[in-house]
Amino acid sequence: MQRRLAAILAIDVVGFSRLMARDEDATVAALGRNLRSVFKPAVKANGGRIVKLLGDGALVEFPSITNATECALALQSTPPETVPGLDAPLTFRIGLNIGDIIQQGEDIFGDGVNIAARLEALAPEGGIALSASAHAHLAPHLAERFADTGPQPLKNIPAPVTVLTWTPDHPTPRPSQDAEKFKKASIVVLAFDNMSGDPDQEFFSDGISEDIITELSHFREFFVIARNTSFTYKGTPVRAEDVCAELGVRYLLEGSVRKAGNRIRVTAQLIEGATGAHLWAGRFDRDLDDIFTVQDEITQAIVAAVAPEALNAETHRSRNKAETETNAWEKILLGRWHIGHLSEDSIAKAQTFAKDAIALDPRLSDAHAILALAKLHAMLHLWRRDTKAAIAEAIRHGQDAVKADESDATAHSILGMAYMFGRDYDKAPLHLNRALRLNPNLSNAHGVLAAYHGVSRDYGAARASAERATTLSPRDPYRAFWYGGHGIAAYLDENYERCIEVCTEVLAEFPNYASALRQLAAAQAMNGQSEAAQATMQRLLALMPGLTVSMVRDIVPIRYPDDHERWLEGLRRAGMPE
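If you're wondering where the values come from, they're calculated on a predicted model, not measured in any experiment. (Residues numbered from 1 in each chain as written. Predicted model: local features only at pLDDT ≥ 70, side-chain atom pairs only at ≥ 80, totals over all residues. Heavy atoms only, no water.)

A. Layout of the pairing of strand S11 (residues 185-189). Within S11, five of the five residues are buried, which leaves it mostly tucked inside the rest of the structure. Going residue by residue along S11, you find Ala 185, Ile 187 and Val 189 tucked away on one face and Ser 186 and Val 188 tucked away on the opposite face as well. As paired strands, S11 and strand S13 (residues 222-224) are joined by three bridges and run parallel to one another. What sits directly across from Ser 186, in S13, is Phe 223. The sheet contact formed by S11 and strand S14 (residues 251-260) spans three bridges and is parallel. Within the sheet, the bridge partner assigned to Val 189 lies in S14 and is Leu 253. (Buried < 20%, exposed > 50% of the residue type's maximum accessible area, 1.4 Å probe, protein only. Helix = DSSP H or I, 4+ residues; strand = E, 2+ residues; numbered from the N terminus. Pairing = 2+ DSSP bridges.)

Next up, the structure:
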């Protein structure tokens, strides 16, 4: 028994029983002609293998979902043949999926096959139904041809599957290369060049490229070209501009691997296809004591650099457009950009952009997540005084984000954060850990987990999560919040000196970060540094006039009652009004 990943195409004749009842011979003859002249040539041209013919349909496997989709589009774009004597067209439904399959002999089984078969039944006549997991692996010029129909229940499949469809009545024309056609950042990762002169090292250079493709695919912000397509350029001199134009993507990542003795050097560069501009370049030198650990380490370092750089470039493009010209995705990028600036005005603008994006497409989980985060920031900085109502709204928007897309790691991360501020210490870690299962490289999930561990007085876990988040996104505007979890953990652990060190480091870069000022004042007071504590408190109260101990009690979640009272006592000693 062999288990592997494959793309599956299930096809069936529309109204086959009705056609057979009217004229069996004519129907079978028409189906045979289609099989020989249309179906088999299209499958062969796209690298497929016919697993079995089912009388009125067939099951086919492909090495990639791109191959399967191009085959399906070719089949459904062929004018339907009229069955002689019946004046009825021979039309088909096609279902496409990607997933694990089990092979026994020439046959295949498993959920990947079952879902494809169920999707075929949902396809429009002469059309195609595609699972969201398969759609995520398509190049933009293919992906944009499918319309989202939302989650659909499938027979004998436990959870609903999000389905996208293509119909021949309203095909989306492929736009010219000069037209704006991307909802999200799109990227191709070429096979890294093996510069070692040793063919045996090919597995290492290929492995790094494949791992980068996999890790970038965890980010919903990207369309990532599948490995089976990007590796077709391997060993061929290419221009980044030509590859990007051919595949319809905006960014290209290429690199090389060179080995000398027990040392290895990996270089990589991110290029914008339209201009040929180099957005980022990096070089990584490592000892090969454990080659797989080195491969993982370099992959993580490259992904941590490439993802923010590409998204920064996308945000810059969006900011240069008039607001009336931005699409829903660009409004989300602008909302994120404003929310990262942490001012009352920027938080208000972030909410406006998020609401505008939702008006264009209510199913955008990212927009709901921005609203949830905005409510929390407004509450934390006293731009809203109705603390409990703001937290409740944040939870509701976070729930809307997850409901819009259960597979959105960021949505789970923000909902986990909202539950933490809502004092639901059971639900918060469920969503934070769910976010990390969906995307192990999501820096914000690690950062919010640092805060969760911090208010739960788990210093070691809080520090580790904060450091992991910062490693993944070293220039992130939210890292002050992540280290707030580190600081509060040190305070609750009665390690006031360490809390002071952490807060001092945060304030050196974010001098008006209120959470760090609160922690610093309380830690100084508990550490016997009364004058310093009072001076820090004056800075805090100048920044947040009217802040009181009772307000902080509602704003800052501390899991255990004794810890909470010790935290508030530090603020009282520093001079915060009751």
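B. Up close: the state of the cysteines. Scanning the entire structure with this criterion turns up zero disulfides. No disulfide involves Cys 499; its sulfur sits 4.0 Å from that of Cys 503, the nearest cysteine. (Disulfide = S-S within 2.5 Å.)

C. Summary view of the packing of helix H15 (residues 409-421) against helix H16 (residues 427-438). For the pair H15 and H16, the least separation of the axes is 7 Å and the interaxial angle reads 160°. With respect to H16, the element H15 is oriented roughly antiparallel. Crossing angle aside, the handedness with which H15 passes H16 is left-handed. Taking contact as the criterion, the partners of Ala 409, His 412, Ser 413, Leu 415, Gly 416, Met 417, Tyr 419 and Met 420 in H15 are, on H16, Lys 427, Ala 428, His 431, Leu 432, Arg 434, Ala 435 and Leu 438. (Axes fitted to C-alpha atoms, helices over the stretch in contact; angles between N-to-C directions. Parallel < 35°, antiparallel > 145°, perpendicular 65-115°, else oblique. Left-handed = near helix turned anticlockwise from the far one by under 90°. Contact = heavy atoms within 4.5 Å.)

D. Spatial organisation of the side chain of His 368. Assignment of secondary structure puts His 368 in helix H13 (residues 365-380). A distance of 3.0 Å separates a polar atom in the side chain of His 368 from the backbone oxygen of Pro 362. Among residues more than four places away in sequence, those in contact with His 368 are Ile 358, Pro 362, His 397, Asp 400, Ala 401 and Ala 404. (Polar contact = N/O pair within 3.5 Å; in protein donor to acceptor, adjacent residues only side chain to side chain.)

E. Up close: the packing of aromatic side chains. One pass over the structure, following the stated rule, counts three aromatic pairs. An angle of 65° between the planes, with centres 5.2 Å apart, marks the rings of Tyr 491 and Tyr 496 as edge-to-face. Residue Tyr 491 shares its accessibility class with Tyr 496, and that shared class is buried. Consider the rings of Tyr 491 and Trp 567, whose centres lie 5.6 Å apart with planes at 85°: the pair is edge-to-face. Here Trp 567 lies in helix H24 (residues 561-574) and Tyr 491 lies in helix H19 (residues 479-492), a separation of 76 residues in the sequence. The residues Tyr 491 and Trp 567 share a single accessibility class, namely buried. Three or more aromatic residues joined by ring pairs make a cluster, and in this case those are Tyr 491, Tyr 496 and Trp 567. (Phe/Tyr/Trp six-rings, centres within 6.5 Å; stacked < 30°, edge-to-face > 60°.)

F. Structural context of empty space enclosed by the protein. Here the structure, examined in full by the defined rule, presents five cavities of 30 Å³ or more. Its volume calculated, the largest cavity comes out at about 240 Å³. What lines the largest cavity is a set of 18 residues, and nearest its centre among them are Phe 421, Phe 481, Ser 515, Gln 519 and Val 556. Among the elements of the structure, H15, helix H17 (443-455), H19 and helix H21 (514-526) are those that each provide at least two residues to the lining of the largest cavity. (1 Å grid on protein atoms, 1.4 Å probe; cavity = no way out; pocket = protein on both sides within 12 Å on 5 of 7 lines; lining within 4 Å. Points joined across faces, edges and corners; volume = space filled by probe spheres on them.)

G. Representation of the confidence of the model for the protein chain within the structure. Per-residue confidence for the protein chain gives a mean pLDDT of 84, with 91% of residues at or over 70. Low pLDDT, under 50, characterises residues 321-325; the stretch is placed with six contacts to residues that sit more than four places away or in other chains. (pLDDT = per-residue confidence, 0-100.)

H. Looking closely at the nonpolar core. One finds Phe 421, Phe 481, Tyr 491, Leu 547 and Trp 567 to be the most contacted residues of the largest nonpolar core, which totals 98 residues. Ranked by the residues each element gives to this core, the list is headed by H13, at eleven residues. Residues Ala 26, Val 60, Ala 72 and Leu 142 belong to the second largest nonpolar core, which totals 40 residues. (Core = buried A, V, L, I, M, F, W, Y, C linked by side-chain atoms within 4.5 Å.)

I. A look at the environment of Trp 166. Residue position: Trp 166 is located in strand S10 (residues 161-166). For the pair Trp 166 and Gly 127, spaced 39 residues apart in sequence, the C-alpha to C-alpha distance is 5.5 Å.

J. Here's a closer look at the environment of Gly 32. Structurally, Gly 32 can be placed in helix H2 (residues 24-45). Under the relative-accessibility criterion, Gly 32 is labelled buried at 16%.

K. The arrangement of helix H12 (residues 344-360) in detail. The terminal C-alpha atoms of H12 lie 25 Å apart, and with 17 residues this matches the ideal 24 Å at 1.5 Å per residue to within 8%. For H12, every residue scored as buried is listed here: Ser 346, Ile 347, Ala 350, Gln 351, Phe 353, Ala 354, Ala 357 and Ile 358. Down the axis, H12 shows its buried residues gathered within 165° of arc, on one side only. Seen from the buried face of H12, the exposed residues on the opposite side, beyond 90 degrees, are Ala 359 and Leu 360. (Expected span 1.5 Å × (residues − 1). Arc of directions from axis to C-beta.)

L. Main features of the environment of His 141. Relative to the assigned elements, His 141 resides in helix H6 (residues 140-143). Distance in space between the C-alpha atoms of His 141 and Phe 231 is 18 Å, their sequence separation being 90 residues.

M. Region of interest: the side chain of His 397. One can find His 397 in helix H14 (residues 387-404). Not counting residues up to four positions away in its chain, the partners in contact with His 397 are His 368, Leu 371, Ala 372 and Lys 375.

N. Fine view of unusual backbone geometry. In the Ramachandran plot, Arg 423 falls in the positive-phi region, its phi being about 65° despite a non-glycine side chain. Tracing the backbone shows Arg 423 in the loop between H15 and H16. Taking the relative accessible area as the measure of exposure, Arg 423 reaches 28% and is therefore partly exposed. You will see that Arg 457, though not glycine, has its phi angle at about 55°, which is positive. Position of Arg 457 among the secondary structure elements: in the loop between H17 and helix H18 (459-472).

O. Layout of the pattern of salt bridges. Scanning the model with the defined rule gives 24 salt bridges in all. For Arg 93, the salt bridge goes to Glu 125, with nearest N and O atoms at 3.9 Å. You can see Arg 93 sitting in strand S6 (residues 92-104) and its partner Glu 125 sitting in the loop between helix H4 (111-122) and strand S8 (128-131), a full 32 residues away along the chain. With relative accessibility at 51%, the residue Glu 125 sits in the exposed group. For the salt bridge of Glu 569 with Arg 572, the shortest nitrogen-to-oxygen distance reads 3.7 Å. Here Arg 572 and Glu 569 lie together in helix H24, a separation of three residues that amounts to about one turn. Judged by relative accessible area, which is 29%, Glu 569 ranks as partly exposed. Here Arg 572 falls in the partly exposed class, since its relative accessible area comes to 28%. (Salt bridge = Lys/Arg side-chain N within 4 Å of Asp/Glu carboxyl O.)

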